[in-house]
Structure formats: C-alpha cells, structure tokens
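Spelled out, the chains give:
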Amino acid sequence: MTRRLLLSYLSLAALVLLCLEIPLGFVYSRGEREQVVNAAKDEAESVSAYAALSLAAGRAERDLPTRVAHCAQRIGGKVVIVDASGASLATSHPTDPAMSGNLAARPGIAAALRGTSTVDVRTSTIGGVEYLSVAAPVGQDAQPVGAVWLTVPTRMVHERVHHVWLLLALGGFAVLTAVTVVGFAFARWTSRPIRELEHATHELAEGGGRFTPVTITKGPPEVRSLAAAFNHTAARLAHLLASQRAFAGEASHQLKTPLAALRLRLENLEPDTAARARGSLTAAVTETDRLARMVEHLLAMARLEEHAAIPATVDLGAVCTERHRTWQPLFAREDVSLVLFAGSVGPVLAVPGAVEQIMDNLLSNALRASPAGSTVTIELRLHAPSRRALRDSRPRWVDLHVTDEGPGMTEEQRARAFDRFWRAPGAPKGGTGLGLALVQRLAHASGGEATLHAAATGGLDVVIRLPSVRPPVEGPGPGGDRSRRPRREAPALPA
C-alpha cells in the first residue's frame, strides 16, 4: 500500500510540474526571441537612418565604414550596407568577390531595396534562436537608395534558453525528490496501521480466535476508528469462539455419558417389563439412540464450523473400499446388498476425515431407507469437462454416487433435504435430520458440492462432487476420450 500511495503522490506532482514548467519554458523562450529580434530591428533602423544621412551629405565613403565597424562590434555580428544597385558600400567583415556580386540576390536585401523591412528568425525545438538576420531599407522615399543587412549571433540566446530549460528540469527533479521524501513518510504513517490491521486479521483467522489488539493511537482518524471497531469485533468473536469451544468440549462429556447410562438402564428394564409394554421400551431405546446420534452430529457440525480445516489429498478409492468393508456386515444382516464400483479416479482434495463422515452418513441413510432384498451401490466417476480445444485448463472433478432402491424423494423434498432437522414424511425412525446437512457442510468445506437426484431404480442417488488432484484435461488422444476414460470395475470384496 505504501508503494501505491507514493506512486499516486509522485504521479500527481509530476502532472502538476509538467502543466506548469512546460508553458513557463516556452513563454521564456518566446520572450528571449522577441527581445533579441527587437534589438536587432532597432539596430538596423539606426544604421539605416545614419546611412541615409551620410549618403545625403556625400560622406558615405568616409563615415559608413566607421559606423558599420562600430555597430558590428557592439552587437557582435556582421553588418553590410549596399546602394540601390546592390553594390557594397560598407561591410564589417571581409567578403569575397563572389559574395559581393550576389548581395542584391539575397531575399532580405532584395526586399529591403524594394522598401520592405524583413526579419528572418530560425528557432530550435525548445524555443531557442538558431539564426537571426534583419534587413532594412535606407531612405524614406518611395525608392530606397540602399539597404542595411545585419546578422546577429544567437549562440548566447540559445545557451540562455537551454540553461533555463535545464534549471526547470532540475527544479522539477528537486520538487519530485522532496515529494518522494515527504510522500514516503506520509504513506508510511498512513499505511502502518492498516498493515497492523492486516496482520491482526490473519492472526485472528489462523489463530482460532486468539489475536493481539491493534494499537489505535497511530494513523489517520478514520484508520484509528477502524482499528477500534476491529478490536471490539475481534474481542466479541474471540469470546464467542471460546464459548463455543467450551460448549463443544463440555457437551461432549455431559451429554454422551447420561445418554449411555439411560440406554443401559432401559436395557436392564427389559427382563422385568411386561410383554405389552416392551414396544414402548423398544421405542424409548430407539429414541435414545437417535438422541445420541443427534448429539454426535451437532458436535461434529460445531467442530466443523469452528475449525476451518485446509483440504488435503485423499485417496477416495481406498476410503470407499475401507468403508465398504466396514458396513458390509451391517447391510448383510438387513438382507441388503452393498456393491462398490471403484475405478481409477485418482486422489481428490478433501478436509481430513470428511470423506469417512460423508460415507458413514450416506450409508446409514441408505440402509434405513432400503427394503430387504434391495441393493445399495457405491460408484466413483471421473467427471471431466467437454474438450472444445486441444488443451483445456478447466479442473477435473470426481463424483461419488451412493444409490439406493428405497422410496426416494420428490423434487420438493430433495430441495429441503439439506436443511437441519428436516426429515421426509414417512421416513424410517431413528433419523436425526442432521446427516445430510453435515454431508453438505463437509462437501463445501472440501471445495466440492452435494446434490440429490432421482435414481433410475426409483430410489435416491446422492452425488458428492470433489475436486480431483489430477492435472487439467489436455487434448484428446488418437482414440478420442475413450483412451482416458476410467475403467468401471468392482474391486475384490471380502467373502
């Protein structure tokens, strides 16, 4: 942020300097040019008047050379006086015969012999004068009796203009240097509290509610107000997280133990219970188990919301095989077949332990909803985007399907199935209404999603989509997509 603030200060200062110094430089250059031109014109008119008087008095040959030499010395240039025919009357410097014979052909002298004064100025790119010549007629009559031609050296003017441009450049550099020093100090003063706020924010996010209060005595008033609001909000958040952590820890012990003791007492009552009351006793044991599972789900969701775990690489096929091996005896006891199709889908990204919890919840729901003699299928599919180019950088996904042959759900019921504590009408007893909500939270925390679809067999198809660790899709091989499609095969299952 300091660099961006400093860059904005320097950009604004440079813009102001350019808007001021460039017009100032050109104004000064134009003033110097007008000054030297006016001086040369005045000198030419003075020599012209003196030459007219000398010619009228017949003293041209005696007076003009002295006057011309004196004028050339004063202006540091060259002066030439010619008569009406263009012949040289007096010069301040030696001229060769070829030049003397062509004086009348020069544009300035020719115009002066016609009675018109001329000024020829050539300027440089930055406004300096590179060449200056002035021609003036001699005599005030309609027909001039001669002409005066002056060439003025412009090296001094040119150097003076360049010197002014150099001073302007140095002045601008000095101003930018001062703006840099002052702006850097101001930017540091402004951005230091914001950097402290950023550091405290990261500390709060990564420290699980532990943070160091930000100093609120530095920086602009708005930043100090923001720091005070952040400290207040962070303190409240830390208190809430600490309370939630304490609740999760205490509830885990305070709820599970009484529920286990209650279930044990209910089971001990079974031998002494009359036959007509055993149905109510069984229902009470079932509700006790349901309450225990609900407590476990609530604690799992509380821990999930408290700790924002970072997804890691998980071997989805190995996890599905292990959970299939664990749940198969329970399915066999209820006369429900559990089939696994695990192809070569590769590893996925998921929160540690999330896939196991997802599988347990989905298989538990499928077992309760599946009638005897039906089949529950676990299938892994590699979902790749359609290839519209030779190289596609879009990510791959792995779909985990858990399909049962139970009564299924309507479209409206599937839309509400992920709500907490919601249970479908006519659902088997023992559910808590939190399993699918926990599944969805775990899928989202892993960077994926959970959806419900109607199965082709009439039951429910739960799809958990997780990001694949495999590299992005490349162009299709010679055999199209078939050469890269994962094989759908069932692993060897225990007998």
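Residues numbered from 1 in each chain as written. Predicted model: local features only at pLDDT ≥ 70, side-chain atom pairs only at ≥ 80, totals over all residues. Heavy atoms only, no water.

**Quick look at the UniProt feature "transmembrane region" (unreviewed entry) in the chain**
So, step 1. Mapped onto the present numbering, the UniProt feature "transmembrane region" (unreviewed entry) falls on residues 164–187.
So, step 2. Across residues 164–187 one finds 100% helix and 0% strand; the C-alpha atoms that close the span lie 33 Å apart. (UniProt positions renumbered as here; feature names shortened; annotations may be inferred. Helix = DSSP H or I, 4+ residues; strand = E, 2+ residues; numbered from the N terminus.)

**Notes on the packing of aromatic side chains**
So, step 1. Overall, the coordinates contain three aromatic pairs when judged by the stated rule.
So, step 2. Here the aromatic rings of tyrosine 9 and phenylalanine 186 are separated by 6.0 Å at their centres, their planes lie at 55 degrees, and the arrangement is tilted. Here tyrosine 9 is found in helix α1 (residues 2–57), whereas its partner phenylalanine 186 is found in helix α5 (residues 155–206), with 177 residues between them in sequence.
So, step 3. Residue phenylalanine 186 is classed as partly exposed on the basis of its relative accessible area, which comes to 41%.
So, step 4. Their ring planes at 70 degrees and their centres at 6.3 Å tell us that tryptophan 327 and phenylalanine 331 sit as a pair that is edge-to-face. Here tryptophan 327 and its partner phenylalanine 331 are both found in helix α8 (residues 316–333), four residues apart, which amounts to about one turn of the helix. In this pair, the class of tryptophan 327 matches that of phenylalanine 331, namely buried.
So, step 5. Positioned above the aromatic ring of tyrosine 50, the side-chain terminus of arginine 67 is 4.9 Å from the ring centre. (Phe/Tyr/Trp six-rings, centres within 6.5 Å; stacked < 30°, edge-to-face > 60°. Buried < 20%, exposed > 50% of the residue type's maximum accessible area, 1.4 Å probe, protein only. Lys NZ or Arg CZ within 6 Å of the ring centre and 35° of its normal.)

**Quick word on the pairing of strand β12 (residues 460–467)**
So, step 1. Burial of β12 is extensive: seven of the eight residues sit out of reach of the surface.
So, step 2. The sheet contact formed by strand β10 (residues 397–403) and β12 spans seven bridges and is antiparallel. When the bridges of β12 are listed, histidine 401 appears paired with valine 463.
So, step 3. Between the antiparallel neighbours strand β11 (residues 449–454) and β12 lie five residues, among them glycine 458 with a positive phi of about 100 degrees. (Pairing = 2+ DSSP bridges.)

**Observations concerning the nonpolar core**
So, step 1. Counting 43 residues, the largest nonpolar core has Phe331, Val355, Leu362, Leu363 and Ile464 as the members making the most contacts within it.
So, step 2. Counting residues per element, this core draws most heavily on helix α9 (residues 354–369), at eight residues.
So, step 3. Those residues in contact with valine 355, other than ones at most four positions away along the chain, are Val314, Leu316, Val319, Ala350 and Leu466. (Core = buried A, V, L, I, M, F, W, Y, C linked by side-chain atoms within 4.5 Å. Contact = heavy atoms within 4.5 Å.)

**With respect to the sheet that holds β10**
So, step 1. The strand order across the open sheet built from five strands is β7-β9-β10-β12-β11, with neighbouring strands paired in mixed fashion. Looking at strand neighbours, the two that pair on one side only are β7 (337–341) and β11, the edges of this open sheet. Going from strand to strand, the sheet's axes swing by 20 degrees on average, the running direction of each strand aside.
So, step 2. Against the sheet, helix α11 (residues 435–445) touches β11 and β12, its axis set at about 130 degrees to β11. (Axes fitted to C-alpha atoms, helices over the stretch in contact; angles between N-to-C directions.)

**Structural notes on the packing of α8 against α9**
So, step 1. Across the interface, α8 lies against α9 with an axial gap of 10 Å and an inter-helix angle of 35 degrees. As for the relative orientation of α8 and α9, their crossing is right-handed in sense. Facing α8, whose interface residues are Leu316, Val319, Cys320, Arg323, Trp327, Leu330 and Phe331, α9 presents Val355, Glu356, Met359, Asp360, Leu363, Ser364 and Leu367. (Left-handed = near helix turned anticlockwise from the far one by under 90°.)

**Focus on the packing of α9 against α11**
The relative placement of two packed helices is expressed as an angle between their axes plus a distance between the axes.
So, step 1. At a closest axis distance of 9 Å, the pairing of α9 and α11 adopts a crossing angle of 155 degrees. The orientation of α9 with respect to α11, classified from their angle, is roughly antiparallel. Crossing of α9 over α11 shows left-handed handedness. Facing α9, whose interface residues are Ala354, Gln357, Ile358, Asn361, Leu362 and Asn365, α11 presents Gly435, Leu436, Leu438, Val439, Leu442 and Ala443.
So, step 2. Grouping the amino acids of the contact of α9 with α11 by side-chain chemistry returns eight nonpolar, four polar and no charged. (Parallel < 35°, antiparallel > 145°, perpendicular 65-115°, else oblique. Nonpolar A, V, L, I, M, F, W, Y, C, P; charged D, E, K, R; others polar.)

**Structural notes on the environment of leucine 12**
So, step 1. Looking at the element boundaries, leucine 12 is found in helix α1.
So, step 2. In sequence terms leucine 12 and valine 179 are 167 residues apart; their C-alpha atoms lie 10.0 Å from each other.

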